[in-house]
Structure formats: C-alpha cells, structure tokens
Amino acid sequence: MVCLVCVRDARMLLRRRSCSGPLVLLGVAVCLFYQTRMGARNHLKSGQEPADREPEPFVSELETLQRQTELQQSDLKLRVVVLTGRHVVSSTEVQMYQRVLEQKGYEVQLSRYAETSALLRPDKGGSKWNLLVCLSSSERSCLRRISSSRLQPHQRVNMVPWLVEAFSDSGSGLCRFYTHTHMSGVTVSMKQDACRSTRHHLQVLPDSAGLSRQSAAPSTPPALVAMVNVYVLVTSVRPLTSFLHEIVVVRTSDDLKGRPVKIRTFLLQRLGQEASHEALGHVKKVIGQVLRASVSSEEADSLHRCLLCFQLMTFTLQFDGSLLPVIVKVDTDLTFMELKDMAFDAQITREVILEDTLNFLLPSHSGLDSQTHKYGGCRGTQALCLSEDETLLLLQFHRQMKTPGAFQLLYPCAASQQSSSSSSSSSAAEGSDLSALLLRLSSFYEEQRNHGDRVAEEEAEASHRRHTGREPCVDPHLRQIYTDPPLTLTPPFSPWVKEYRAELPFDLVMVRIRPEPVSPACRVHLDEHRGPRMANYPVGLGNSRISILVADEAAPEPVVMTIYTVHMYRESRPSLPMFGDHVMCSFVQDCGLLVRPSQPCGLQSVLESGPSAEPCPSGDVPGQWVVPCLSCADNRTCDWREVAWQPEGCYHPLLDRPKLQDCMMDRKLLFIGDSTNRGMMYFLMERVNSSLEAWGKAHDTLTFTDLNQGRTQVRYSYYPQFWLQKHLRPTFQQALQELLTRSRPLANSNQTVLVVGGVQWLNTNHLRVIRDVLKSEALSEVLVVLKSLGLGFHLPVDGVRSLSLREIQDLYRENQKIVAAAKQLGYEVVDTFSITVGRYKEFLQGRCACHFHEVEKSWSSEVEPPQGKQAAQQTAFSKAPPGLRPLSAPHGSTYHVRGPVNQVYSEILLSRLCPAHTRH
C-alpha cells in the first residue's frame, strides 16, 4: 500500500514538473528498498529470518538516473571561482586547480578574495557559480561573503562552516563542540586539548609497551608506537558522510622525521595482515566517533542548505604501544608534520590529496551541478521517499562509492552504525531512510570490492611485479614540476607540454627541482637516464637547461618514454645607467660570503683619483672592484655594466692585437689544468688570432698550430682526471712530463710558456713538482705562470662536493701560501682568487659554480647582433681604467669567449706574458 501511494505521488510530481522518466524508477526502487528493509525489520521482531533481498535493482536505477542527468546537463556552463588569497597565480597549487577543473569542463575564474570576484557579487548574478574554492589565507574572506544557509543546492564550497566552528579552540585547546550539553556522558578517544591553536611539536612517545608485552599472552597483537596524520574528507553533515585518504604522514620512534605513505602499506609492514586490519578499523572508529559527536547537535541542522559543501581535515593520531589510537590534534585544514624533505614533501602531498579530492567529488560533465533541474519525489508520503536535497546527496554518495579513487569510506559503515546505537541522539540522526540507503549502498560496494574477481586481479598484478620487478609505465607524463624556490614556468605547466622557460633574478643562484610523475610506476631522472630524481642545480648567468626524463624501468633495459625540458634564463646584475652625477664605490667581497671576515663587505665609498701611471709589477697586486653608483648604500643604484678591476697603485696594460701577435711570435704555450685554465687559453687564442675557429669542452689533450699565421702553437692537457678511479689517475708529475714530451722541441727560454692552474686542486707540492720536472727536462728557464685558486664549489649541489664557509676561508689562506711559494720560485702569478671572491654570484654554466667564462657562437658582420637581454649580457666598460675594457667579438669569429671576470684575469695573464710590449 505504501508503495502504491509513493508511485502515485511520484507520477503526480512528474506531471507537475515535467521530470524525466528515470525519477519514477528511482522512486519505485527507493520504496521497494524501504519495504524490503521494513519487512526484514518485522521478521526480526517476530523472530524470523529476514528476506535475503539484494540491492542490485536499486543500484541499477541510480546508475540510470545518473547517466540521464549527466546527458541532460553536459551542455551546461559550469563555473568555478578560486580565491587565491596570498597564493600567486603561478603557484603549483593554483595551477593544479586550473588544470583539473578545466579538464572537467569548468570555466575557472581566479580572484584574490571574495570581495574582488564579479561572480560572487549579488548584483552580478551571485548564484551563477557551481564551485567556490577558498585557498589558504582567503578563508576569512570566504566566510564573510558567503552564507552557507543561502547557497543553492547546486553550489559547492570547500568549507563546512559548522565543522570549522565545532573544531575551533574554545580556550585551553578545548574543542567547541565539547562545550555542548549533548557531549555530557559521551566518551570519545580524543585528548581534550586536541583543538589547541598553538603549534607546538607533537612528540612521538618512546615504546612504552615493552612492560605490558612482557606480561601479556603470546597471542597479543604487535604494538605500534607512532604519530600519524590522517586526512579526512567530510562530504555531508546531515547525514554524515566522510572518507579517509589513502596517504598519511607518519613519524615513529624509529624515525622522528615524517614521511608520506599509504596507510594500508604502513600498517601492514608494521603489524602484519590481521593486526593491520584491526588497527585500521580502530582508526576509522575513533575518527567516526568524534565526527558524529561534532555534528549531532541541533545547531548543525542550520547548515542543511550547504548540501554539497565539503571539508578536508587532519586528525593527528597517537599510537602508544597499542592498536587503539588516541586523537591528539584536529585541524580543519591539511597540516603536515616535520617531514624529511620539507621543501617538497608537504607541498606535493597536499596537492596530491587536493587533486584526488577534486577527482573524487567532481566528475566530468557532472549532472549534480545543475541550477535548473530538480530531483526527488514522494513529498508528503510520511518520509518514505526522498526529497530533492536527499536525492542529490544519494546520487553523490553512489558515484563516490562506485569510483572511490584514493579514498575509502570512513562513515557510514556497518561497524560505526552498531557502535553508535547506544547514543539516543545518534540513533535518531542515523535512523532516517536516507541514512539507511547510504549504509546499504556502502555495504553493497564493499562486498563488490572483496569479490573473488578483484582478488584474482590483484594476484595477477602481484605475479607480474614478481616477474618484472616493477610495474610498467603506462602513462609517461609528469603531474607537476616542483622547484624550490618556486619558478614561474612559461607556458603554465601541463602534462602535455614538454618545453618550458623560466626567468630567474640575479640573486637566485641555485634551484632545487623535483618532478613528479602521474604514475608512481614511472621513474623520473634529471639530465640523463641514470640521473637523480631530485637535485640542486646551480644556475649560472644567462641560459641553463634541465632535462627531465620519464622512463619505464620495468623491462631489463630502461626505456626513456618522455623528455621534458626547462630552459632557465638568469638575469645579470640589475644595472642603473649613469646619466649625471655619480660616486665611485668599491668592494672586495660580497656580504653574502665573508671569505675575509676582517675586511669590510659590500660597497664602500672611494675617493676618485686619476689613472695610475705605472704598469703593475706582478699579476697578484691586491686590488678591488670599482663601480659608479648614485649611492654606495644601495647597490641597485649602480651601473654594473661599468664595473672594473682596479689594482692598488698601478694598472694592468691592455695590449692591442698587433703588439700581442708580435709578442707571441714563435712561442709555444703549454696549459695544464682544469676548465678554468682552459677558459684563459681560449681567451688568449681569440685575442691572438682574431678568431676562435675550434672549441670544445675537452678533458684530454688539445693541440693548436694555426695561431698567429702558424707562428704560435698552443697545447692543452686536462688535469686532474677526476673521473678515473684513484689508482688509474695519472699523477701531476706524469701528466706534466707527458705534456712536455708531446710538445717538443721546446726552447729553454721564455719562448716556452707553461701556464699551470685550476680552481681548487693546486697546492704548494705541485710547485715543487714543476720545479723538479723542468730541471730534469733541462727547461729551467722557461716562463712559468701560475693561475691561483678561484672561488667555486660553494653551493650544496647534488653529486658535487661543496665547501662550507669555514672551508672557503681556509682555502683563501691556502691560496696566499701558494702565491707566496710561486713567487719565491720566480714564477709569474695571476691571483684569480681575489678577483673572483667579490663576484662569486656571476658564475656561468657548470655544476661547480666556478666557471666565469663561456664560449658561444659569435655574430658575423652579415648577421644582426642580439638584442634585449642577450645584448645586456655583453658587458661594456667604457669608463673602466685602461686595460680592463672588454673587447667586442670580432666579426669573423666562429666562437667568442664571454665572461667579464674571466676577461679581467685573462688580460692580466697577457700583460705578464708580454711585459716588454706593454711599455710605451
């Protein structure tokens, strides 16, 4: 009889509202389910067994209705407002929202706060939006502007104000819902100060279960001592529906640094199959108890209009030697413990959960977001059928249970329903027909997931992993590229875009990068197929590039599936051109790296004086960098294009090309050292020959015989060969002797020049080796020039040794010893350490951050020179002291050596090789 009434009323409702046919089927299915439930209840009362009725017809009608509504609403315009607050538009979280929502067919409008959003203004149609996302720092604006009681049924907000209020601190950490009278006599497994607003460190208690385990029976489950952050999504308050995300953050007594891990994996590894299942059940039970207690008051009823609002929460659980946890902290946001990698883990875990939440709540072309269609029926039939609002919630819950993704049901479930039966208030709340339908749906899908076909599929996957070692990479794309500090990528990141560019300010000298793949089965490597997953990269001035390889390593031989490239351009030091009066400022070291603590750092005022009349007697005369500024108190007012090296009381002459070619006539120049020494060699070759026809990053021996019309020869030997195993590396003596042997015949005079040096490998022992080898080879009269140490390896780059400030200060003192020893032996010295210290941020490409030169293709006279930023990189010193102004690239060059710091000490080298030609 009841069903007949329901069907009759449903037909009348359809005639009135012109609703679609599936609503009748839904009404009939709901009534049948209700009659089945009532019949079962009556059988129980009479002591008979309930009828074994399956809910497949009801579920089938839900799916039919859902497909029908999705089809009807597929052409509707869905709008989302994302309030970014203090987030910049380029942040990865904002990008994630844009990407996911646009993929689902939503039109996304970004606004900083609710007051500045046109879609949220009542006079502009404030109800014409479907989803409002309030990011961190915009919540207050969201609460001020949006009243949940006035929301339309189709509108969602990522906040449930009642939950925010219920779990706020009412004083001394007491949750506000604790103060309600309904809490009297109700016990929950939660510390009273769990809602404290102070962020003090939550300690993992030591394993205090040892004593209890000693006296316990052998069958006692294993203990668990841990602090676990559990992330809960509440999708409805009345009736209560909530879900648990599969990722948790865990700290244990063995590992005090938090790490993100799947909760099932963590419990299974710690406790085993049976105990892990029991512990997970306790987790759901204690959280469910607290959520029910917080929403079971009459005040929560006022939020029934906020139908589709949702709230992400963090429950911090403490396991103290038992499988039963205690809630020690509750946050109405995603919070994270102190993680091993604080730069990325919290950000990545947060965005993974947020993205999973959007995919869980918002299907593509969702029919639940309609503004025009109404669902439900049987109004006035003694609540045996569902209202419009209840139908919306039922459809949402059905879809979520059908495709849970990374979530698992927390409430309602059969266990929680039984545990709540003792509370009269909870019983009343959970006794509605909608709650019963939700519970039955949850049981149906839980049984489906435990079906034998699923087990067989998992066994097949496990068998595949046993044979291959890893799952295959079926989706070789990145989910996001994370950097620290955050970089603004152009275009904004998308898994389908492979090339990006980013502009970096001058002061940003290192970037930490961690790409995240869409599928954990794929492996990510930086720069090469065996490169790291995450690394620190030094960013030199100008252009740098990072390659990101997404590989499938399931097969015996890894296969690179996709390559992403990030091109970075680091700007030169900001410069303010001088148009009028200015002052000269000097500096010897940057305040960011105090290599000489007893000396001043940063810009200092200097008295202008005329140019020195005398050439410098050596290449290690102490000096300072000078630059014109409006004020020495602000380095942003300087014209850094005019910076120049100024030795004390003298100058280093600049040779014009004819004199330099004459000086180099019939000479042999032998270079032995690392890449910094090679940079000086290439600069010399370009200056002598008017061109640099050949270039390469050689790590062996190079020979050049076509310089200066064939009248000058250059040979280079790389040392040390650090890539070889120690017992295979040639010693410095062996390398030097081989260089001399291959370069013969050699004149025992200054017509033979030996240039030795590197960034940091040189020491005084090498000087004695030079002396002894030259003596044994009858070459004691050759001209030896020592390139001293230089600054580098000062950044904590992965895979490269790095020096602390104390070690760099020790290196400075070692350099002084090397310079003194070289001069005592009668060798010429070019002190590159003093020159590089003040401009250590101006390094160019190279992981050591020690290269102050770079070889690039030069521009011929037929090709228009670079403009804009590239032109700005070409340093000009029109007002620099004599001998320090850089030369422009000759029009005929194939390559050009750029880098003003390298140019300074390379010109000093030339002046020491040709002292007679510098005299006027």
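To be clear, the structure that these remarks concern was listed above.
Bear in mind that the values here come from a model prediction, so they are computed numbers and not experimental data.

(A) Spotlight on the overall build of the protein. Secondary structure summary: the protein contains 23 helices and 29 strands in total. Looking at the protein residue by residue over its 920 residues, the buried ones come to 53%. Element-wise, carbon and sulfur atoms account for 51% of the exposed surface of the protein, whose accessible area totals about 42200 Å².

(B) Up close: the state of the cysteines. For the structure on display, the rule yields nine disulfides. Here C134 engages in a disulfide with C142; their sulfurs sit 2.1 Å apart. Since its relative accessible area comes to 6%, C134 is described here as buried. Given a relative accessible area of 2%, C142 falls into the buried group. Each disulfide pairs two cysteine sulfurs, and for C629 the partner residue is C638, the sulfurs being separated by 1.9 Å. What sets the handedness of the C629 and C638 disulfide is the S-S torsion sign, and at about 95 degrees it is right-handed. Given the relative accessible area of 0%, C638 is considered buried.

(C) Examining the side chain of E516 more closely. Within the secondary structure, E516 sits in strand 13 (residues 510-517). The class of E516 is buried, set by a relative accessible area of 11%. Within the structure, E516 has its side chain in polar contact with the side chain of R514 (distance 2.9 Å). Once residues lying within four places of it in the same chain are set aside, the contact partners of E516 are I348, L478, R479, Q480, Y482 and R533.

(D) Layout of the environment of G173. On the secondary structure map, G173 appears in the loop between helix 6 (161-166) and helix 7 (210-215). A relative accessible area of 1% places G173 in the buried class. Separated by 18 residues in the primary sequence, G173 and K191 place their C-alpha atoms 9.3 Å from one another. Every residue in contact with G173, bar those within four places of it in the chain, is listed here: Q192, D193, A194, C195 and R196.

(E) Expanded view of the pattern of salt bridges. The final tally for this structure, using the stated rule, is 31 salt bridges. Between E907 and R687 there is a salt bridge whose closest N-O contact spans 3.1 Å. Of this pair, E907 sits in helix 23 (residues 900-913) while R687 sits in helix 17 (residues 675-689); the two residues are 220 residues apart in sequence, bridging distant segments of the chain. Here E907 and R687 have matching classes, each one buried. For the salt bridge of R742 with E738, the shortest nitrogen-to-oxygen distance reads 3.0 Å. Taken together, the residues span about one helical turn, with R742 and E738 both in helix 18 (residues 732-743) at a distance of four residues. One connected set of salt bridges, linked through shared partners, spans D341, D345, R514, E516 and R533.

(F) Broad picture of the pairing of strand 18 (residues 583-587). Among the five residues that make up strand 18, four are buried, leaving the element largely enclosed by the rest of the structure. Where strand 18 meets strand 20 (residues 623-629), five bridges bridge the pair, whose relative direction is antiparallel. Counterpart to F587 in the pairing with strand 20 is W625. Inspection of the sheet shows strand 18 paired to strand 19 (residues 604-605) by two bridges, in the antiparallel sense. Residue pairing for strand 19: S586 is matched across the bridge by Q604.

(G) View of the packing of aromatic side chains. Inspection of every chain in the model, using the stated rule, returns 17 aromatic pairs. Relative to F336, the ring of Y231 has its centre 5.4 Å away and its plane inclined at 40 degrees; by these criteria the two rings are tilted. Of this pair, Y231 sits in strand 5 (residues 225-236) while F336 sits in the loop between strand 9 (326-331) and helix 10 (345-361); the two residues are 105 residues apart in sequence, bridging distant segments of the chain. By relative accessible area, F336 is classed as partly exposed at 21%. Relative to F704, the ring of Y682 lies with its centre 6.3 Å away and its plane at 75 degrees, an arrangement referred to as edge-to-face.

What counts, and at which threshold
Residues numbered from 1 in each chain as written. Predicted model: local features only at pLDDT ≥ 70, side-chain atom pairs only at ≥ 80, totals over all residues. Heavy atoms only, no water. Helix = DSSP H or I, 4+ residues; strand = E, 2+ residues; numbered from the N terminus. Buried < 20%, exposed > 50% of the residue type's maximum accessible area, 1.4 Å probe, protein only. Areas by Shrake-Rupley, 256 points an atom, 1.4 Å probe, with all protein chains shown as cover. Disulfide = S-S within 2.5 Å. Polar contact = N/O pair within 3.5 Å; in protein donor to acceptor, adjacent residues only side chain to side chain. Contact = heavy atoms within 4.5 Å. Salt bridge = Lys/Arg side-chain N within 4 Å of Asp/Glu carboxyl O. Pairing = 2+ DSSP bridges. Phe/Tyr/Trp six-rings, centres within 6.5 Å; stacked < 30°, edge-to-face > 60°.

By themselves, these figures tell us nothing about what the structure is for.
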